[in-house]
Amino acid sequence: MQDKKLYTVIIFSENTVGLLNQIAIIFTRRQLNIETLSVSPSAIVGIHKFTITTFADRDMISKVVKQIDKRVDILKAYYNTDEDLVYQEIALYKLSTEQFLKLPSVEQLIRKYNAHVLDINETCVVLEKNGHYEETQALFNELSQTIGVLQFIRSGRIAITKSKVERLSDMLKAMEERLGTRS
């Protein structure tokens, strides 16, 4: 059996009610946990892009993507490894202003993690950090160990392929060309 690794599944569809539930059921039936999930409009008008990460072996992820791809509401589904993608996450950290100002060097912490102060008031400071999971987690760990974190949230992965265009664009262009030759 192959070792499990993190895969990013990218799914293109129209914005259909209930589709997310149908996709989640496919993962559940295969006993795969969805690690992160992000849904947004894509670069193609009227098409939404689901970005899902999960740990699986290559055979299992291939089967899951084929099953998703068979759904009527799905235009196309792909799976990728980290090497195929440019990806990010965003994390927000809410901290006590009093504790934050007690840090030996606030400037050094901000520079070290390339974080941004989004809001600061008498009671709390909100920091933002963009990066990979390990980077956002490292800042969380340091803040937790030094001053404590009041609230923390991390987004799902957002990703684009390293290829020149979305693979869906190529597929749609080929479909248009086939339809154009039939006319």
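Note that the coordinates shown come from a computational prediction; the quantities given were computed from them, not determined experimentally. Counting starts from 1 at the beginning of each chain's written sequence and moves along it residue by residue. The predicted origin of the model limits local features to residues at a pLDDT of at least 70 and limits the giving and counting of side-chain atom pairs to 80 or more, whereas totals for whole chains, interfaces and linings rest on all residues. Hydrogens and water are ignored here; the side-chain numbers use all heavy atoms of the structure.

**A closer look at the overall build of the protein chain**
Tallying secondary structure elements over the protein chain gives six helices and nine strands in all. Think of it in three bands: with a 1.4 Å probe and only protein chains considered, a residue is buried below 20% of the maximum accessible area for its type, exposed above 50%, and partly exposed in between. Relative to its 183 residues, the protein chain shows a buried fraction of 36%. For the protein chain, restricting intrachain contacts to residue pairs at least 6 apart in sequence, the fraction spanning at least 24 positions comes to 76%. Throughout, the Shrake-Rupley method with a 1.4 Å probe supplies accessible areas, and for residues the shown protein chains are the sole cover considered. Carbon and sulfur atoms make up 52% of the accessible area of the protein chain, which totals about 11,200 Å². Helix and strand assignments follow DSSP, with helices taken as H or I runs no shorter than four residues and strands as E runs no shorter than two, numbered in order from the N terminus. Here, two residues are considered to be in contact whenever any of their heavy atoms come within 4.5 Å of each other.

**Considering the layout of surface pockets**
Grid points spaced at 1 Å over the protein atoms alone were grouped into cavities, where a 1.4 Å probe fits but cannot get out, and pockets, open sets with protein on both sides within 12 Å along at least five of seven lines, with lining residues defined by an atom within 4 Å of a point. Grid points are joined across faces, edges and corners, and a volume is the space filled by probe spheres set on the points. In this structure, the largest pocket encloses a volume near 240 Å³. Forming the walls of the largest pocket are 13 residues, and the residues nearest its centre are Leu-6, Glu-89, Tyr-133, Glu-134 and Arg-157. Mapped by element, the contributors of at least two residues to the lining of the largest pocket are β2 (34-41), β3 (48-56), β5 (85-96) and α5 (133-146). Charged means Asp, Glu, Lys or Arg here, nonpolar means Ala, Val, Leu, Ile, Met, Phe, Trp, Tyr, Cys or Pro, and polar covers whatever is left, Gly included. Each residue belonging to the lining of the largest pocket can be placed in one class, and the counts come to four nonpolar, three polar and six charged.

**Considering the nonpolar core**
Residues Val-9, Ile-11, Ile-23, Phe-27, Ile-68 and Ile-74 are the most contacted members of the largest nonpolar core, which totals 17 residues. When residues of this core are traced back to their parent elements, those giving at least two are β1 (5-13), α1 (19-29), β3, α2 (58-69) and β4 (74-80). Only buried Ala, Val, Leu, Ile, Met, Phe, Trp, Tyr and Cys residues count toward a nonpolar core, and they belong to the same one when joined by side-chain atoms within 4.5 Å. In terms of nonpolar packing, the next biggest core, distinct from the first, is built from 14 residues, Leu-95, Val-125, Leu-139 and Leu-143 among them.

**Description of the packing of helix α4 (residues 106-113) against α5**
Running from N to C, α4 and α5 point in directions that differ by 160 degrees, and their axes come no closer than 10 Å. Comparing their axes, α5 and α4 come out roughly antiparallel. Regarding α4 and α5, the two cross each other, and that crossing is right-handed. Within the contact between the two elements, α4 uses Leu-109, Lys-112 and Tyr-113 and α5 uses Glu-135, Ala-138, Leu-139, Glu-142 and Leu-143. Here the contact of α4 with α5 is composed, by residue class, of five nonpolar, no polar and three charged. Each axis is a line fitted through C-alpha atoms, taken for helices only over the stretch in contact, and angles between the N-to-C directions span 0 to 180 degrees. Any angle from 65 to 115 degrees is called roughly perpendicular, while one under 35 is roughly parallel, one over 145 is roughly antiparallel, and all others are oblique. Here is the rule for handedness: rotate from the far helix to the near one, and if that takes an anticlockwise turn smaller than a right angle the crossing is left-handed, while a clockwise turn gives right-handed.

**A look at the packing of aromatic side chains**
Between 30 and 60 degrees the pair is tilted, below 30 it is stacked and above 60 it is edge-to-face, where a pair is any two Phe, Tyr or Trp rings, Trp via its six-membered ring, whose centres lie within 6.5 Å. Enumeration over the complete set of coordinates arrives at four aromatic pairs. Judged by centre distance (5.6 Å) and plane angle (80 degrees), the ring pair of Tyr-7 and Tyr-79 falls under edge-to-face. Here Tyr-79 lies in strand β4 and Tyr-7 lies in strand β1, a separation of 72 residues in the sequence. With a relative accessible area of 23%, Tyr-79 lands in the partly exposed category. Considering the side-chain rings of Tyr-93 and Phe-152, the 5.1 Å spacing of their centres and the 45 degrees angle between planes classify their relative orientation as tilted. Within this pair, whereas Tyr-93 is found in strand β5, its partner Phe-152 is found in strand β8 (residues 151-154), the two being separated by 59 residues in sequence.

**Re the pairing of β5**
Covered by surrounding structure in β5 are Leu-85, Tyr-87, Glu-89, Ala-91, Tyr-93 and Leu-95 only, the residues Val-86, Gln-88, Ile-90, Leu-92, Lys-94 and Ser-96 on the alternate face being uncovered. Pairing between strands is defined by DSSP: at least two bridges between the two strands are required. Sheet analysis places β5 next to strand β9 (residues 158-161), joined by four bridges and oriented antiparallel. The residue bridging Gln-88 from the neighbouring strand is Ile-158, located in β9. As defined by bridge partners, β5 adjoins strand β7 (residues 124-131) across eight bridges and the pair is classed as antiparallel. Its bridge partner being in β7, Tyr-93 is matched across the sheet by Leu-127. Across four bridges, β5 lies against β8 in antiparallel orientation. Bridge pairing links Ala-91 to Arg-154 in β8.

**Concerning the sheet that holds β3**
Strands sit in the order β2-β3-β1-β4 across an open sheet of four strands; the sheet is antiparallel. The sheet is open, and its two borders are formed by β2 and β4, each paired with just one other strand. Averaged over neighbouring strand pairs, the angle between their axes works out to 15 degrees when direction is ignored. Alignment of β1 against β4, held across six bridges, turns out to be antiparallel.

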